[in-house]
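Observations on chain architecture
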Amino acid sequence: MANIQIRKYQEEDSETVKELFTSGMNEHLPSAFVHLLKQPLTHMLLMCTFCSLVATSKSFLLPVLAVALLLAAGRQAVVHMFNAYIGASLKSDLDDVVESYLRRRDSCFWVAESDGRVVGTVACLPAENAPEFLELKRMSVCRSHRGKGIAKALCRTVADFARDRGYPAVILYTSMVATDAQRLYERVGYKKIRQFPLPDFFPKIINFTLIEYKLDLERDK
Ligand SMILES: CC(C)(COP(=O)(O)OP(=O)(O)OC[C@H]1O[C@@H](n2cnc3c(N)ncnc32)[C@H](O)[C@@H]1OP(=O)(O)O)[C@@H](O)C(=O)NCCC(=O)NCCS
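Residues numbered from 1 in each chain as written. Predicted model: local features only at pLDDT ≥ 70, side-chain atom pairs only at ≥ 80, totals over all residues.

The chain is annotated in an unreviewed UniProt entry as N-acetyltransferase 8 of Fundulus heteroclitus.

Describing the overall build of the chain
For the chain, the helix and strand inventory stands at eight helices and seven strands. For the C-alpha atoms alone, the extent of the chain along its principal axes is close to 70 × 35 × 30 Å. When burial is assessed residue by residue, the chain has 24% of its 221 residues classed as buried. Sequence separation of 24 or more characterises 63% of the internal contacts of the chain that already satisfy a separation of 6 or more. (Helix = DSSP H or I, 4+ residues; strand = E, 2+ residues; numbered from the N terminus. Buried ≥ 20, exposed ≤ 12 C-beta atoms within 10 Å, placed from the backbone. Contact = placed C-beta atoms within 7 Å.)

Here we look at the environment of Ala169
With respect to the helices and strands, the residue Ala169 is situated in strand 5 (residues 169-175). Its 20 C-beta neighbours within 10 Å are what place Ala169 among the buried residues. In sequence terms Ala169 and Leu53 are 116 residues apart; their C-alpha atoms lie 55 Å from each other. Apart from residues lying up to four places away in sequence, Ala169 is in contact with Phe133, Lys214, Leu215, Asp216 and Leu217.

Re the packing of helix 3 (residues 40-56) against helix 4 (residues 61-91)
Helix 4 packs onto helix 3 with a crossing angle of 155 degrees between their chain directions and a minimal axis gap of 8 Å. In terms of orientation, helix 3 lies roughly antiparallel with respect to helix 4. Handedness of the crossing formed by helix 3 with helix 4: right-handed. Listed contacts from helix 4 to Thr42, Leu45, Leu46, Thr49, Phe50, Leu53 and Val54 of helix 3 are Leu62, Pro63, Ala66, Val67, Leu70 and Gly74. When its residues are assigned to classes, the contact of helix 3 with helix 4 shows 10 nonpolar, three polar and no charged. (Axes fitted to C-alpha atoms, helices over the stretch in contact; angles between N-to-C directions. Parallel < 35°, antiparallel > 145°, perpendicular 65-115°, else oblique. Left-handed = near helix turned anticlockwise from the far one by under 90°. Nonpolar A, V, L, I, M, F, W, Y, C, P; charged D, E, K, R; others polar.)

Considering the site of the ligand
Close contacts around the ligand come from 19 residues, with Gly24, Arg146, Ala151, Ala181 and Leu184 the closest. Elements with a minimum of two residues in the shell around the ligand: strand 4 (134-141), helix 6 (150-164) and helix 7 (179-187). In terms of residue class, the shell around the ligand is made up of seven nonpolar, five polar and seven charged. (Near = placed C-beta within 6 Å.)

What to know about the UniProt feature "domain: N-acetyltransferase" (unreviewed entry) in the chain
As recorded in UniProt, the sites labelled "domain: N-acetyltransferase" (unreviewed entry) are residues 65-218. Regarding residues 65-218, the helix share stands at 40% and the strand share at 31%, and the terminal C-alpha atoms are separated by 58 Å. (UniProt positions renumbered as here; feature names shortened; annotations may be inferred.)

A look at the nonpolar core
Within the largest apolar cluster, 39 residues are counted, with the highest numbers of intra-cluster contacts made by Leu154, Val158 and Val170. The leading source of residues in this core is helix 6, at seven residues. Contacts of Val170, omitting those with residues within four sequence positions, involve Phe133, Leu134, Leu136, Val158, Ala159, Ala162, Leu215 and Leu217. Of all hydrophobic cores here, the second largest spans five residues; its members include Ala32, Val78, Ile206 and Phe208. (Core = buried A, V, L, I, M, F, W, Y, C linked by C-beta atoms within 7 Å.)

Some points on the packing of helix 1 (residues 14-26) against helix 4
Between helix 1 and helix 4, the least distance of the axes is 10 Å, while the angle of their chain directions is 160 degrees. Here helix 4 runs roughly antiparallel to helix 1, going by the angle between their axes. Here helix 1 runs over helix 4; the crossing is right-handed. In this structure, helix 1 uses Lys18, Phe21, Thr22, Met25 and Asn26 to contact helix 4, whose residues at the interface are Phe82, Tyr85, Ile86, Ser89 and Leu90. Grouping the constituent residues of the contact of helix 1 with helix 4 by class yields six nonpolar, three polar and one charged.

Some details on the pairing of strand 5
Summarising burial for strand 5: six of the seven residues are buried, a large majority. Where strand 4 and strand 5 come together, two bridges link them in parallel fashion. By the bridge assignment for strand 5, Leu134 is matched with Val170. Between the parallel elements strand 4 and strand 5, the chain passes through helix 6 in a crossover that is right-handed. With seven bridges joining them, strand 5 and strand 7 (residues 209-216) adopt antiparallel strand pairing. Across the sheet, Val170 pairs through a bridge with Leu215, a residue of strand 7. (Pairing = 2+ DSSP bridges. Right-handed = clockwise from strand over helix to strand, strands pointing away.)

As for the sheet that holds strand 1 (residues 4-8)
Strand order in the open sheet formed by seven strands is 1-2-3-4-5-7-6, with mixed pairing between adjacent strands. The open sheet has two edge strands, strand 1 and strand 6 (191-197), and neither has a second partner. Averaged over all neighbouring strand pairs, the angle between strand axes comes to 25 degrees, with direction disregarded. Sheet topology note: the strand 3 (residues 117-126)/strand 4 ladder contains six bridges and is antiparallel. Bridged to Pro126 within strand 4 is Leu134. Against the sheet, helix 6 contacts strand 1, strand 2 (108-114), strand 3, strand 4, strand 5 and strand 7, and its axis sits at roughly 30 degrees relative to strand 3. Along the sheet, helix 7 makes contact with strand 4, strand 5 and strand 7, crossing strand 5 at roughly 160 degrees.

Structural data, given as structure tokens:
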């Protein structure tokens, strides 16, 4: 991990941090769309539309066009689902990182810097629904700096912070399509706790789930 420094967030990192978060999240769009295409409900909708239009119209073009339209609408719905999450995050904690993390107890936001450029981020704070644990959030590494162990170092930073403050465990949530992140967390010792659907209508009908992971810190004391 040559030339990489992990330091606390500073105000001037704001735009880069937002960009890293947004691009990291948007990377999952293609696999989320593939997930949508694999759903039995999607197959059924496309087949029914195609067959009923073939049966009722004399043209072959109409059913093909209708299927193409449905696919485009499905992709837009996936884009909307991601944009809603990204927009909400940019308007909440990422809008004021100092207030959301640096001024709060047992919370922090770090960036990884390479040659003076911010190339990675991670944060933690007491988990909203389980304040006895710290929650790791906002993990993202710039594409050009992947595979160098930066995310592993960021995970270690959070685990050390939690251990120093006497927390027994770190938890986090990631989506079913963030497979690189799942491998990362499992590699550094997190265990899958549960997998559950998002409460909103669209993610629910396409079976889009979140995974909760936990790193037990008491075990390796
Ligand atoms: C997930 C992410 C943070 C990994 O960053 P990274 O700096 O490349 O990760 P590291 O180099 O520290 O790799 C750590 C481990 O993760 C796993 N891993 C990471 N990327 C992987 C990939 N593309 N394929 C397979 N394993 C991968 C490996 O097990 C690796 O350990 P190893 O090299 O010792 O086997 C990065 O891909 C990313 O920012 N993705 C987009 C945003 C995102 O999904 N964030 C998580 C939201 S919860």
